[in-house]
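Now for the letters of each chain:
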Amino acid sequence: MKPVGLEENNFVIDSFVNNFKRSGRMEEANELLKAMMSRGLVPDRVNYTSMMDGFFKVGKELDAFDMAQEMTEKSSGFDIVAYNVLINGLFKCGKYESESFYAGMRELGLVPDSATFNTMINAYCKEGNLENALKLLNEMKSYGLLPNLITRNILVQRLCAAGEIEKTMDVLNDMLVFGFHPTPTTHKAVLDASSKSRRADVILHIHNRLVRMGLELNLSTYNTLISTLCRLGMVKKATLVFKDMMGKGISPDIITYNALIQGYCLSSHLKNAFSVHSQMLTEGVSPNVETYNILLRGLSAASLIKDAAGLVNQMKERDLIPNADTYDITFWPCCFSKEKKMSEAKELMREMQVRGLSPNSSTYDILICGWYRLSKQPGLSKSLKRSYQAEAKRLFEEMNEKGFIPCENTLAHISFALAKPGKKVDAQRILNKLYKKKVK
């Protein structure tokens, strides 16, 4: 292929290569480069760097290495941009040793730039070597380079994942000098990490420190704080935060109300959960499917699922379509009941499929266990027992065909049923299928 009507030079070739690269057509880019080389054009460092980057992006590491080798032999070698492309590509495919790459860069006499530091810091963080990552941050400053948002996010996420809250706060404090203030994303990451302490005072202390660092108090940040507290059942503290938010003129949304409802359900205060639901309706905030699912879970946990029918009807009256979670919550109590309830669960599954919702792994687990429990009830005739176990086995086969992996309870029930004379072939066939799925 030849660029029609254009002078054949390195700049033009690089434009064509980049165009191919954007659409992942690296074979065509390679053919073009070879065609131009056959006409006497010598690729420069930029051409090789673009090709190497493109090959890494489409997962062709060997071709990328070939380009790196060819660039070393035929052009003026690596500059920092090319080196960044090489180490970034290697890091993404998991083939790296941070120390060796950093040493290699120095041997080549290359001065790292912001992209180098971002890549290296991320690599150290992935290795769990947070000490070296923080050292690199300080070295970055010594080169007169300002850490950017990418660098900060990488460090905050990795430090939070490691539970290093104080080191995270130190990094954020250092960033203030460069004009970086905590964002809602930073706030969420740090609060998630601090919530592992399961102490409201720690969570609120960290939140207040972030506010003093310049975190903007808006609906998003309030929702994160309220959700974090409610997820841990600290609904009294969350209610105080809610009142503070309202006092600042910030109106709650569906996320706020769902968090409070969940908090009350987790702390077994169903009356308060339904009061918040009523308040939400009064304030003109429309509930969503998740609102009803939270309330249904609360009823189920309190063994009040008999009240669920009215809630599901209310949900349908609002033109909200139940999802797979809604049905799973409704199925669960049926599976500890009598044959009539299991038949109702069967009808619910049909309704679910009519609505275009596919049963998930959890749905099958619940129903299979329910039918097997029913088959264990004393006083059942042999025909009924076989009938219930046949229904469980049918569902298990259907689950298997759809590629779902059963939970331990389901496997225990199935194993018991198949650990009988004449069932050896069935048992072996099922175990073989499950083994193949788990090793994929």
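The model shown is predicted, which means the values in this text are computed figures rather than measured ones.

Undergrad: An account of the overall build of the protein chain is requested, with residue identities and associated values reported.
TA: Regarding its fold elements, the protein chain presents 24 helices and zero strands. Buried positions account for 45% of the 440 residues belonging to the protein chain. Residue pairs in contact within the protein chain that sit at least 24 positions apart in sequence constitute 64% of those at least 6 positions apart. A total of about 22800 Å² of accessible surface is found on the protein chain, and carbon and sulfur atoms cover 53% of it.

Undergrad: Give me helix H21 (residues 361-375): which residues, what numbers.
TA: Relative to the 21 Å expected for 15 residues at 1.5 Å per residue, H21 spans 21 Å between its end C-alpha atoms, a close match to the ideal helical length. Within H21, 12 of the 15 residues are buried, which leaves the element mostly enclosed by the surrounding structure. Every buried residue of H21 is accounted for by Thr363, Tyr364, Asp365, Ile366, Leu367, Ile368, Cys369, Gly370, Trp371, Tyr372, Leu374 and Ser375. Capping the start of H21, asparagine 360 holds a side-chain oxygen 3.1 Å from the backbone nitrogen of serine 362, two or three residues further along.

Undergrad: Could you give an account of the state of the cysteines, with specific residues and numbers?
TA: In total, this model carries zero disulfides according to the counting rule given. Note on cysteine 407: no disulfide assigned, nearest cysteine sulfur contributed by cysteine 369 at a separation of 5.1 Å. Owing to a relative accessible area of 30%, cysteine 407 belongs among the partly exposed residues under this scheme.

Undergrad: How would you explain the confidence of the model for the protein chain if you had to name every residue and give the values?
TA: Model confidence for the protein chain is summarised by a mean pLDDT of 84, while 88% of its residues fall at 70 or above. A low-confidence stretch, residues 1-6 (pLDDT under 50), is modelled with 16 contacts involving residues beyond four sequence positions or located in other chains.

Undergrad: How would you summarise the pattern of salt bridges if you had to cite specific residues and measurements?
TA: Under the definition given, this model contains 17 salt bridges. A salt bridge links lysine 135 to glutamate 131; its shortest N-O distance comes to 3.7 Å. Here glutamate 131 and lysine 135 lie together in helix H8 (residues 130-142), a separation of four residues that amounts to about one turn. Residue classification places glutamate 131 among the exposed residues on the basis of a relative accessible area of 55%. Notably, a salt bridge pairs aspartate 325 with arginine 297, separated by 4.0 Å at the nearest N-O pair.

Undergrad: Go over the nonpolar core with me, naming the residues and quoting the values.
TA: Judged by nonpolar contacts, the single largest core of 51 residues is most densely connected at Met169, Val190, Leu210, Ile226, Leu229 and Ile261. When near neighbours in sequence (up to four residues on either side) are disregarded, isoleucine 226 contacts Ala238, Val241, Phe242, Met245, Thr256, Ala259 and Leu260. Of all hydrophobic cores here, the second largest spans 50 residues; its members include Ile13, Met36, Leu86 and Phe117.

Undergrad: Before we move on, can you summarise the side chain of lysine 21 with the specific residues and values?
TA: Tracing the backbone through its elements, the reader meets lysine 21 in helix H1 (residues 10-22). Residue contacts for lysine 21: discarding those within four places in its chain leaves Met26, Ser50, Asp53 and Gly54.

Undergrad: If you had to explain the packing of aromatic side chains to someone new, which residues and values would you point to?
TA: Each pair of aromatic rings is reported with the distance of its centres and the angle of its planes. In this structure the tally under the stated criterion is six aromatic pairs. The interplanar angle of 80° and the centroid separation of 6.0 Å between the aromatic rings of phenylalanine 56 and phenylalanine 65 together place this pair among those described as edge-to-face. Since its relative accessible area comes to 28%, phenylalanine 65 is described here as partly exposed.

Undergrad: If you had to explain helix H17 (residues 289-301) to someone new, which residues and values would you point to?
TA: Think of an α-helix as 3.6 residues a turn; residues three or four steps apart then line up on the same face. The end-to-end C-alpha distance of H17, which contains 13 residues, comes to 18 Å, matching closely the 18 Å that a straight helix rising 1.5 Å per residue would cover. Of all 13 residues that make up H17, 10 are buried, and the element is covered over most of its length. The complete set of buried residues in H17 reads Val289, Thr291, Tyr292, Asn293, Ile294, Leu295, Leu296, Gly298, Leu299 and Ser300. The distance from a side-chain oxygen at the start of H17 to the backbone nitrogen of glutamate 290 is 3.2 Å, and the residue carrying that oxygen is asparagine 288. Trailing H17 by a residue or two, serine 303 shows a phi angle of about 55°, which is positive.

Undergrad: So, the packing of helix H10 (residues 165-175) against helix H11 (residues 184-194): which residues are in play, and what are the values?
TA: Contact geometry for H10 and H11: axes closest at 10 Å, N-to-C directions at 160°. By the angle between their axes, H10 is roughly antiparallel relative to H11. The way H10 lies across H11 gives a crossing that is left-handed. Contacts between H10 and H11 pair Ile165, Thr168, Met169 and Leu172 from the former with Thr186, Val190, Ala193 and Ser194 from the latter.

Undergrad: Give a description of unusual backbone geometry that names residues and reports values.
TA: When glycine is set aside, most residues are seen to have a negative phi, and most peptide bonds are trans. Unusually for a residue other than glycine, arginine 198 sits at a positive phi of about 55°. Tracing the sequence through the fold places arginine 198 in the loop between H11 and helix H12 (200-212). One non-glycine residue, serine 268, lies in the positive phi region at around 60°. Among the structural elements, serine 268 can be located in the loop between helix H15 (254-266) and helix H16 (270-282).

Scoring rules and cut-offs
- Residues numbered from 1 in each chain as written.
- Predicted model: local features only at pLDDT ≥ 70, side-chain atom pairs only at ≥ 80, totals over all residues.
- Heavy atoms only, no water.
- Helix = DSSP H or I, 4+ residues; strand = E, 2+ residues; numbered from the N terminus.
- Buried < 20%, exposed > 50% of the residue type's maximum accessible area, 1.4 Å probe, protein only.
- Contact = heavy atoms within 4.5 Å.
- Areas by Shrake-Rupley, 256 points an atom, 1.4 Å probe, with all protein chains shown as cover.
- Expected span 1.5 Å × (residues − 1).
- Polar contact = N/O pair within 3.5 Å; in protein donor to acceptor, adjacent residues only side chain to side chain.
- Disulfide = S-S within 2.5 Å.
- pLDDT = per-residue confidence, 0-100.
- Salt bridge = Lys/Arg side-chain N within 4 Å of Asp/Glu carboxyl O.
- Core = buried A, V, L, I, M, F, W, Y, C linked by side-chain atoms within 4.5 Å.
- Phe/Tyr/Trp six-rings, centres within 6.5 Å; stacked < 30°, edge-to-face > 60°.
- Axes fitted to C-alpha atoms, helices over the stretch in contact; angles between N-to-C directions.
- Parallel < 35°, antiparallel > 145°, perpendicular 65-115°, else oblique.
- Left-handed = near helix turned anticlockwise from the far one by under 90°.

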